[in-house]
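# Fold and geometry: a report
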Amino acid sequence: MKKLFAVLMALLLALSCFGAVAEEESFNLPAVEVPSFTATGSVTIDQEQLVALLPMFGLEESMVSMVKMVLPVVSNLGCRVTLNNGLQLDVLLKGQDVASAALTADENGLIAVSDVIPSYVLTLSKDTIQQFVDQLTEQMSAMTSELDMEAIMERATGYLEQFASEAMTGLVIGEAEAAEMTVNEYTFNMKLPVSVDVKALAKAVAGLIQNLEKDEVIAPLLASADVTFNVDEDTISQIESTPEEKLPALNADVYMIVNEDGATEQVYYAEAVVDTKSEEVGQITVTALIANQNVNMALSIPAQKISVTLENTITDNYVGNAINADIAGMYFGDFTNVYIQEEGVQVEEELYFMNTDAPLLTSNLTIVPGGELTLSFDPEGKTVLPIEQLMADEEGEAANGLMIDVMSNGLNSVLAKAAEAMPEEVTALINLINGAGEAAIAE
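I will try to describe carefully the structure that is included in this document.

Moving on, we get to the overall build of the protein. Per the secondary structure count, the protein includes 11 helices and 19 strands. Scored against the burial criterion, the 443 residues of the protein give a buried share of 30%. Across the protein, contacts joining residues at least 24 apart in sequence account for 48% of those joining residues at least 6 apart.

Structure below.
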């Protein structure tokens, strides 16, 4: 679902350019051609798994019962976004439309409609939009002018170069030697030992932070972003006095494939071992296989019963990510598959928690070219309400009119469509809401 949210935000940003939905002279913004497409997303929850997990959160029985009633509806929710000379968002229940809203632009400004407020057409004039754009531009310009970006970059570059120089003092690269290692389908024939002095690296990091926090140009920028590290000379002294067993060196072997002509293939395998000399933490092992664009990584801390693997696969029309984590017997898995074809993009994601057999949550997102907006922007028979009027309405008459339309018409329409999609579940949910409302009135 997080990917779906990201797509929706991208669509709103795209629409804000107006180039695809309005004449160029309507707004003082660059024209941007945005191709039309339809994105449909859904989420499915394993209701039995989730209900079984609820006691972990300390919910009362009454709350658990309410969650059980809501879950069937939530698990069948979805949405569809269509971009084509405007933007339309449809809320789906079991694949059926239950509520919709749409936005477009013409030479006068923005126009918004929704079946939740079926008696109204909302408008926002291009002058108001331009005022907002001008104010935003002015604010951004003021912020930028207060910051000497050239000086910031120059100083930051100097500190980064100093950091790199100090960090490199702790890096020791040994002599390459012949060594055979087979990982998956790859057979490596060369090994390069590498050692990293973690204490030297920690000092370099602390020094970098200290320089940034002391710099007269960069420090105000960090303060404005409320970023504080509180690194001082005492911090560096503490790092220097830390026993070696607390900051052990990181030793790694990097394996390569070297051909007869001396050329190295774009395939590497690294294995790093950190002996913490602590019975509680024990030995930490990290491995990484990098084959062209594909990456497989694994972290293992046996003494803490921690095991994490990450796999990334990229081909011409596929991107896959897999995360498996087992922390003291608590399992978490996240598997994402992205299929890219001429006819569109398909994104599938499965989340596992405390169960390796079935996902707790499954989400799907499909993006295909084309699509049409189904809501009408025709104001005939409706009240045209400028948003400027709504904002200036101190008496609240316009807002009251909208609320009456929602409660009398829009909400009834949404509930009727929802009940048609899932009769028993929605009726039970409506009865639950009505019962809660009556109880509140009685009190």
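Past the structure itself, the notes keep going.
A separate point is the layout of surface pockets. Quantified by volume, the largest pocket comes out at close to 290 Å³. In terms of lining, the largest pocket is formed by 16 residues, of which the most central are V414, L415, A418, V426 and L429. Breaking the lining of the largest pocket down by element, the ones donating at least two residues are α3 (61-74), β3 (87-93), β4 (96-106), α10 (397-421) and α11 (423-442). Of the residues in the lining of the largest pocket, the class split is 15 nonpolar, 1 polar and no charged.

The next point concerns the packing of aromatic side chains. According to the stated counting rule, one finds 4 aromatic pairs in the structure shown. Ring centres 6.2 Å apart and planes at 40° place the aromatic pair Y255 and Y269 in the tilted group. Taken together, the positions of Y255 in strand β10 (residues 250-258) and Y269 in strand β11 (residues 264-275) put the pair 14 residues apart, joining distant regions of the chain. Owing to a relative accessible area of 9%, Y269 belongs among the buried residues under this scheme. Both rings, one in Y318 and one in Y339, keep their centres 5.3 Å apart while their planes meet at 45°; by these two values the pair is tilted. One end of the pair, Y318, is in strand β15 (residues 318-327); the other, Y339, is in strand β16 (residues 330-341), and 21 residues separate them in sequence. Look at Y339 and you get partly exposed, because its relative accessible area is 32%. Pairwise contacts between aromatic rings join F188, Y255 and Y269 into one cluster.

A separate point is the packing of helix α5 (residues 149-168) against helix α6 (residues 198-214). Interhelical geometry of α5 versus α6 gives an angle of 165° and a closest axis separation of 8 Å. Classified by the angle their axes make, α5 and α6 are roughly antiparallel. The interaxial crossing formed by α5 with α6 has right-handed handedness. For the pair formed by α5 and α6, the contact residues are Y159, L160, Q162, F163, E166 and A167 on the first element and L201, A204, V205, L208, N211 and L212 on the second.

According to the stated counting rule, one finds 7 salt bridges in the structure shown. Note that R80 is salt-bridged to D97, the shortest N-O span being 2.7 Å. On the criterion of sequence distance, the pair formed by R80 in strand β2 (residues 77-83) and D97 in strand β4 is long-range, its members being 17 residues apart. Residue classification places D97 among the partly exposed residues on the basis of a relative accessible area of 32%. For the salt bridge of E177 with K191, the shortest nitrogen-to-oxygen distance reads 3.7 Å. In this pair, E177 is assigned in strand β8 (residues 177-183) and K191 in strand β9 (residues 186-196), connecting sequence segments 14 residues apart. Given a relative accessible area of 17%, K191 falls into the buried group. Among the ionic contacts, a cluster of salt bridges with common partners joins R80, D90 and D97.

Next up on the list: the pairing of β15. Summarising the sheet, strand β14 (residues 306-315) and β15 pair through 10 bridges and their orientation is antiparallel. Bridge pairing links T315 to Y318 in β15. Across 10 bridges, β15 lies against β16 in antiparallel orientation. Counterpart to N321 in the pairing with β16 is T336. The antiparallel pairing of β15 with β16 creates a hairpin that spans 2 residues between the two strands, and A328 there sits at a positive phi of about 50°.

Structurally, S75 is set in the loop between α3 and β2. Among the residues examined, S75 registers a relative accessible area of 6% and is labelled buried. Of note is the side chain of S75, whose polar atom sits 2.8 Å from the backbone nitrogen of I45.

In this section: α5. For α5, with 20 residues, the first-to-last C-alpha span of 28 Å sits near the 28 Å given by 1.5 Å per residue. Listing the buried residues of α5 in full gives A151, I152, A156, Y159 and A167. Taken around the axis of α5, the buried residues stretch over an arc of 130°, which confines them to a single face. More than 90 degrees from the buried face of α5, the exposed residues found are E150, M153, E154 and E161.

Right, let's talk about the nonpolar core for a bit. Counting 9 residues, the largest nonpolar core consists of A179, V183, F188, Y255, I257, V267, Y269, L289 and A291. Of all elements in the fold, only β8, β10, β11 and β12 (283-291) reach the threshold of two or more residues within this core. Counting 8 residues, the second-largest nonpolar core is a separate cluster that includes V73, A418, A421 and V426.

For the rest of this paragraph, the subject is the environment of I327. Relative to the elements of secondary structure, I327 occurs in strand β15. Along the chain, I327 and S307 lie 20 residues apart, while their C-alpha atoms are 6.5 Å from each other. Not counting residues up to four positions away in its chain, the partners in contact with I327 are K305 and I306.

Although it is not a glycine, N85 adopts a positive phi angle of roughly 55°. Positionally, N85 belongs in the loop between β2 and β3. On the basis of relative accessibility, which here comes to 54%, the residue N85 falls in the exposed class. Even without a glycine there, the phi angle at A328 is positive, about 50°. Its place among the elements puts A328 in the loop between β15 and β16.

Calculation rules
- Each chain has its residues counted from 1, running along the sequence as written.
- This being a predicted model, a pLDDT of at least 70 is required before a residue's local features are given, and a value of 80 or more before pairs of side-chain atoms are given or counted; all residues contribute to the totals for chains, interfaces and linings.
- Here the side-chain values reflect all heavy atoms present in the structure, with hydrogen atoms and water set aside.
- Under the DSSP-based scheme used, a helix requires at least four consecutive residues in state H or I and a strand at least two consecutive residues in state E, with every element numbered from the N terminus.
- Exposed residues in this analysis have more than 50% of their type's maximum accessible area, buried residues have under 20%, and partly exposed residues fall in between, with area computed by a 1.4 Å probe over protein chains only.
- Every residue pair with non-hydrogen atoms within 4.5 Å of one another is taken to be in contact.
- With a 1 Å grid spanning the protein atoms alone, the term cavity applies to any set of points in which a 1.4 Å probe fits but cannot get out, the term pocket to an open set with protein on both sides within 12 Å along at least five of seven lines, and the term lining residue to any residue with an atom within 4 Å of a point.
- Grid points are joined across faces, edges and corners, and a volume is the space filled by probe spheres set on the points.
- When residues are grouped by polarity, Ala, Val, Leu, Ile, Met, Phe, Trp, Tyr, Cys and Pro land in nonpolar, Asp, Glu, Lys and Arg in charged, and all others, Gly among them, in polar.
- Two rings from Phe, Tyr or Trp (for Trp, the six-membered ring) form a pair when their centres are within 6.5 Å of each other. A pair whose planes differ by under 30 degrees is stacked, one over 60 is edge-to-face, and the rest are tilted.
- Whenever a helix is involved, its axis is fitted only over the stretch in contact; in every case the axis is a line through C-alpha atoms, and angles between N-to-C directions fall within 0 to 180 degrees.
- Under this scheme an angle from 65 to 115 degrees is roughly perpendicular, one under 35 degrees roughly parallel, and one over 145 degrees roughly antiparallel; angles in between are oblique.
- Rotating anticlockwise by less than a right angle from the far helix to the near helix defines a left-handed crossing, while the corresponding clockwise rotation defines a right-handed one.
- Salt bridges are defined by distance alone: a side-chain nitrogen of Lys or Arg within 4 Å of a carboxyl oxygen of Asp or Glu.
- A strand pair is defined by DSSP finding two or more bridges across the two strands.
- What qualifies as a polar contact is a pair of N or O atoms within 3.5 Å, subject to a donor-acceptor requirement within protein and to the restriction that residues adjacent in sequence count only when both atoms come from side chains.
- Helix span, expected: 1.5 Å multiplied by one less than the number of residues in the helix.
- Think of it as the arc spanned by the lines of direction from the helix axis to the C-beta atoms.
- In this text, buried Ala, Val, Leu, Ile, Met, Phe, Trp, Tyr and Cys residues form a nonpolar core when linked through side-chain atoms within 4.5 Å.

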